[in-house]
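Listed below are the residues making up each chain.
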Amino acid sequence: MRREITLHGHAMSYLEAGATLGAPVVVLVHGLAGQAASWDRVVAALGPDVHVLIPDLLGHGRSAAPPGADYSVGAHASRLRDLLRALGHERANVVGHSLGGGVAIAFAYQFPERADSLTLISSGGLGPELSVALRVACLPGLPLAAHLLATLTPAWVAHLVCRVAAAVGLACDADLAGLGESLHALHEPGARRAFLATLRGVASVAGQRLDATGLLDLLADLPIVLIAGRHDRCIPCHHAQRAHRLLPGSRLAVFDSGHFPHTEHPDRVAEEIRTLLGSLHPAPDPRWGQKPVVA
C-alpha cells in the first residue's frame, strides 16, 4: 500500500506490505535514480509473513526533491532512521541495492542499535571502481546536458542511449530495463537535481568517493548477506567478493546477472533474505505457542 509521511518538512513516500504484528521488519532501499516500485517482485516473493517498508528516498520517486537538501548517503540513512522511528519500529533488517547498499551500510554504522541485519545487493561503497557512464556524469556541465536530454528528446532516444551503452560494453543487455527506468525518472527537474547532488556526493570522474571496506570490522558481528551480479558493469562483482573475505561471517551469493539481481532473479533474492531472517527470527514452536525471538 502506498503511504506518505512528512519528515522534517518534506514528504516521503513509501510502500508498506505484509504482516503488521510480531513480524520482522524489512526495509528495501533502491539505488540511484530508482524508486520503491523496483522491489515489487521481491516483495511478492517474500510473502505476507514479514513487514516490508520500501521508501522512495528523498529526491526519488514520489518523495519530495527540495533544492538545497542534503542528499548524502549519511543523510539518507538518517531519514531511514527517522522513518522507522515515526512508524514505531525500533529495529529493522535493511536491504540495499547499489546506492541503497551504501545507505544500508551507513545506517548500520550510524545506528547499530537499530540494525538487525544487512543484505547488500550490487552495493556501492565497497571499492573505487565505477562504470564509465556514472563517472562521466560527474563532469562539469552535466546539469545542462541532463536538462536538454530530458526535455528535448523523446522516449525512443533514451531507448537508443541504452542500446548504445550495451553495444559499447557500458551495460549488459539484462540491465537495459533498469537503465531505461532511471533515465525516465530524470525527466523531472527536481529528480535531476537530486540525482546529480547524490551522485557527486558518492562519486567523481575517478570513481567512487566512499570506500567502507576499511571499516567493515565494525560490522563483523552483524549478520550480512552480499549479493552480486557476475556481469555487473556498473559496480564490479569483485567488490562484494573482497567484502566477503573481510567479513568471515558473511554469506556471498553471486548471480548470473548484471547490476540488478533483484529484478532479474527476485525469487532468489527473496530466498536469501528469508534465509537470513530465519536465522534471526526462528518460527515459534507450535507446542508452546512461543512468539518469534528477535536476536
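The coordinates are above.
Procedures and definitions
Residues numbered from 1 in each chain as written. Predicted model: local features only at pLDDT ≥ 70, side-chain atom pairs only at ≥ 80, totals over all residues. Heavy atoms only, no water. Helix = DSSP H or I, 4+ residues; strand = E, 2+ residues; numbered from the N terminus. Buried < 20%, exposed > 50% of the residue type's maximum accessible area, 1.4 Å probe, protein only. Contact = heavy atoms within 4.5 Å. Areas by Shrake-Rupley, 256 points an atom, 1.4 Å probe, with all protein chains shown as cover. Pairing = 2+ DSSP bridges. Axes fitted to C-alpha atoms, helices over the stretch in contact; angles between N-to-C directions. Phe/Tyr/Trp six-rings, centres within 6.5 Å; stacked < 30°, edge-to-face > 60°. Lys NZ or Arg CZ within 6 Å of the ring centre and 35° of its normal. Core = buried A, V, L, I, M, F, W, Y, C linked by side-chain atoms within 4.5 Å. Parallel < 35°, antiparallel > 145°, perpendicular 65-115°, else oblique. Left-handed = near helix turned anticlockwise from the far one by under 90°.

Asker: What is the right way to look at the overall build of the protein chain in this model?
Answerer: When helices and strands are counted, the protein chain shows 11 helices and 10 strands. For the protein chain, the proportion of its 295 residues judged to be buried stands at 51%. Here the analysis covers contacts within the protein chain between residues at least 6 apart in sequence; of these, 73% occur between residues at least 24 apart. Summing over all exposed atoms, the protein chain offers an accessible surface of approximately 13600 Å²; the carbon and sulfur share of this is 59%.

Asker: Which parts of the structure should I look at to understand the environment of Leu252?
Answerer: Positionally, Leu252 belongs in strand 10 (residues 251-255). The class for Leu252 is partly exposed, based on a relative accessible area of 25%. C-alpha of Leu252 to C-alpha of Glu272: the two residues are 20 residues apart in sequence and 9.8 Å apart in space.

Asker: Quick question: what am I supposed to make of the sheet that holds strand 5 (residues 92-97) here?
Answerer: Strand pairing in a sheet relies on backbone hydrogen bonds, with the paired strands running either antiparallel or parallel. The 8 strands are arranged 1-2-4-3-5-6-9-10 in an open sheet whose pairing can be described as mixed. With one partner strand each, in any of the chains shown, strand 1 (2-7) and strand 10 form the two edges of the open sheet. Looking at each pair of strands side by side, their axes are set apart by 20° on average, direction ignored. Both strand 3 (residues 25-29) and strand 4 (residues 51-55) contribute to a ladder of 3 bridges, which runs parallel. Residue Val25 lies in a different strand from strand 4, and its bridge partner there is His51. Packed onto the sheet, helix 11 (residues 266-280) meets strand 3, strand 5, strand 6 (115-121), strand 9 (224-229) and strand 10 and runs at close to 160° relative to strand 6.

Asker: Would you explain the packing of aromatic side chains in this entry?
Answerer: What characterises a pair of aromatic rings is the spacing of the ring centres plus the angle enclosed by the ring planes. For the structure on display, the rule yields 1 aromatic pair. Taking the ring centre of Phe255 as reference, the NZ or CZ of Arg268 above it sits at 3.8 Å.

Asker: Explain the nonpolar core here, please?
Answerer: What tends to happen in soluble globular proteins is that the nonpolar side chains get buried as a cluster. Val27, Phe107, Leu118, Leu199, Leu219 and Ile224 are the most contacted members of the largest nonpolar core, which has 52 residues in total. Looking at this core, the element that brings in the most residues is helix 3 (residues 99-110), giving 7 residues. Not counting chain neighbours up to four residues away, the residues in contact with Leu118 comprise Val94, Ala104, Ile105, Ala108, Leu219, Leu222, Pro223, Ile224, Val225 and Leu276. The next biggest cluster of nonpolar side chains, apart from the first, holds 23 residues, and it includes Leu28, Leu46, Ile54 and Leu280.

Asker: Honestly, the packing of helix 2 (residues 73-86) against helix 3 in this entry has me stumped. Any pointers?
Answerer: Helix-helix packing is described using two parameters, namely the angle between the two axes and the distance between the axes. Relative to each other, helix 2 and helix 3 sit at 70°, their axes nearing to 8 Å. Compared by their axis directions, helix 2 and helix 3 come out roughly perpendicular. When you trace helix 2 past helix 3, the crossing you get is right-handed. Along its contact with helix 2, which presents Val73, Gly74, His76, Ala77, Ser78, Leu80, Arg81 and Leu84, the element helix 3 presents Leu99, Gly102, Val103, Ala106, Phe107 and Gln110.

Asker: Just to check I follow, could you spell out unusual backbone geometry for this structure?
Answerer: Glycine aside, residues mostly have negative phi angles, and peptide bonds mostly take the trans form. Phi at His8 takes a positive value of approximately 55°, unusual for a residue other than glycine. Residue position: His8 is located in the loop between strand 1 and strand 2 (10-18). Unusually for a residue other than glycine, Ser122 sits at a positive phi of about 45°. The residue Ser122 is located in the loop between strand 6 and helix 4 (132-136) in this model.

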